[in-house]
Amino acid sequence: MIPTRYELLVIGDGTEQKIPDRLHTLRKQVRKSFKVKMATDELEQFMKRKQKVFYPIWVVKLQVIAERKPFSPKITAMTAFIDAISGHHQLHTDAPSFEYIGAIGVKIPPKLSSVKQIEPYIANIKTHLNKKYMNKKPDYLIEDSFLSYMPLWEYEVKYRGLTKTFALNATTGEPEQHLLNGRMTR
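It should be emphasised that the depicted structure is a prediction, and the values quoted were computed from it without experimental measurement. (Residues numbered from 1 in each chain as written. Predicted model: local features only at pLDDT ≥ 70, side-chain atom pairs only at ≥ 80, totals over all residues. Heavy atoms only, no water.)

A. Highlighting the overall build of the protein. When helices and strands are counted, the protein shows 4 helices and 7 strands. When the helices and strands of the protein are read in sequence order from the N terminus, they spell out β-α-α-β-β-β-β-α-β-β-α. On the principal axes, the C-alpha backbone points of the protein span a range of 65 × 35 × 30 Å. Counting over 186 residues, the protein shows a buried share of 42%. In the protein, 69% of the contacts between residues at least 6 apart in sequence involve partners at least 24 apart. Across the protein, the centroid of the 30 positively charged side chains sits 6 Å from that of the 19 negatively charged ones. (Helix = DSSP H or I, 4+ residues; strand = E, 2+ residues; numbered from the N terminus. Buried < 20%, exposed > 50% of the residue type's maximum accessible area, 1.4 Å probe, protein only. Contact = heavy atoms within 4.5 Å. Lys, Arg positive; Asp, Glu negative; His and termini not counted. Charge placed at Lys NZ, Arg CZ, Asp CG, Glu CD.)

Right, here's the structure in full:
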């Protein structure tokens, strides 16, 4: 795929982790995968490809409204993240920032490309939340749902005849191999 310029809504503020820190994390991933120790400068000679990738993730902002009569209802703001390729979803009480940036890289097309397609996943999230309430189930108010992108760095490393691709979150530097694996199986 050829890198292209996009105007994208990304998760985070658009700032990237420093390259030495990113390479340190990559080196740890390579050590686990290939079972070999190597220095950062040595790692660079085995890197065959490096590209910026934007991975699609649906964000659903909702409020959970739990009645507690005779008290006022308890309202909890939550954010659901739904992988737009695999459908895997997670729920968090805190939400990161989102920012539109001018991005250069490869934008992965989402399999779940409309709000209608993510409705079963939202229903699953509500069912999961309902299990936490013994008596009356809460009401839900969906405030917003939108498609955003997680910036990743994708590295292809070839060592002793084996080639493996690694993905690192461009903002935090954390390994995101599970996202890459989900994309590879489509």
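Moving on from the coordinates now.
B. Up close: the pattern of salt bridges. Throughout the structure, instances matching the rule amount to 3 salt bridges. Between Arg49 and Glu156 there is a salt bridge whose closest N-O contact spans 3.5 Å. Of the two residues, Arg49 is situated in strand β2 (residues 47-68) and Glu156 in strand β6 (residues 139-159); the sequence distance between them amounts to 107 residues. Arg49 sits in the partly exposed class, given a relative accessible area of 28%. A relative accessible area of 22% means that Glu156 is categorised as partly exposed. The partner of Lys116 in a salt bridge is Glu119, and the shortest N-O contact between them spans 3.9 Å. A residue pair is termed a helical-turn pair when its members lie 3 or 4 positions apart in one helix, as Lys116 and Glu119 do in helix α3 (residues 115-130) at 3 residues. Owing to a relative accessible area of 62%, Lys116 belongs among the exposed residues under this scheme. (Salt bridge = Lys/Arg side-chain N within 4 Å of Asp/Glu carboxyl O.)

C. Examining the side chain of Ser148 more closely. Position of Ser148 relative to the elements: it lies in strand β6. When near neighbours in sequence (up to four residues on either side) are disregarded, Ser148 contacts Leu9, Ile11, Tyr55, Pro56, Ile57, Val59 and Phe98.

D. Highlighting the environment of Lys37. Position of Lys37 among the secondary structure elements: in the loop between α1 (19-34) and α2 (40-46). Separated by 39 residues in sequence, Lys37 and Thr76 place their C-alpha atoms 46 Å apart.

E. View of the side chain of Lys52. Mapped onto the elements of the fold, Lys52 is located in strand β2. Filtering out sequence-adjacent residues up to four positions away, Lys52 remains in contact with Glu16, Ile104, Gly105, Val106, Pro151, Leu152, Trp153 and Ala170.

F. Quick look at unusual backbone geometry. With an omega of 10°, the peptide bond running from Lys69 to Pro70 counts as cis. In this structure, Arg160 is a non-glycine residue whose phi angle is positive, near 50°. Here Arg160 shows up in the loop between β6 and β7 (162-169). In this structure Arg160 comes out as exposed when scored by relative accessible area, which is 72%.

G. Geometry of the nonpolar core. Leu26, Val30 and Val157 are the most contacted members of the largest nonpolar core, which totals 16 residues. Looking at this core, the elements that each hand over two or more residues are α1, α2, β6 and β7. Among residues more than four places away in sequence, those in contact with Val30 are Lys35, Met38, Leu43, Val157 and Phe166. (Core = buried A, V, L, I, M, F, W, Y, C linked by side-chain atoms within 4.5 Å.)

H. Spatial organisation of the pairing of β7. As judged from the 8 bridges shared by β6 and β7, these two strands associate in the antiparallel manner. By the bridge assignment, Tyr159 is partnered in β7 with Leu162. Taking the residues that link successive antiparallel strands as the turn, the β6-β7 hairpin has 2 residues, and the phi of Arg160 there is positive, at about 50°. (Pairing = 2+ DSSP bridges.)

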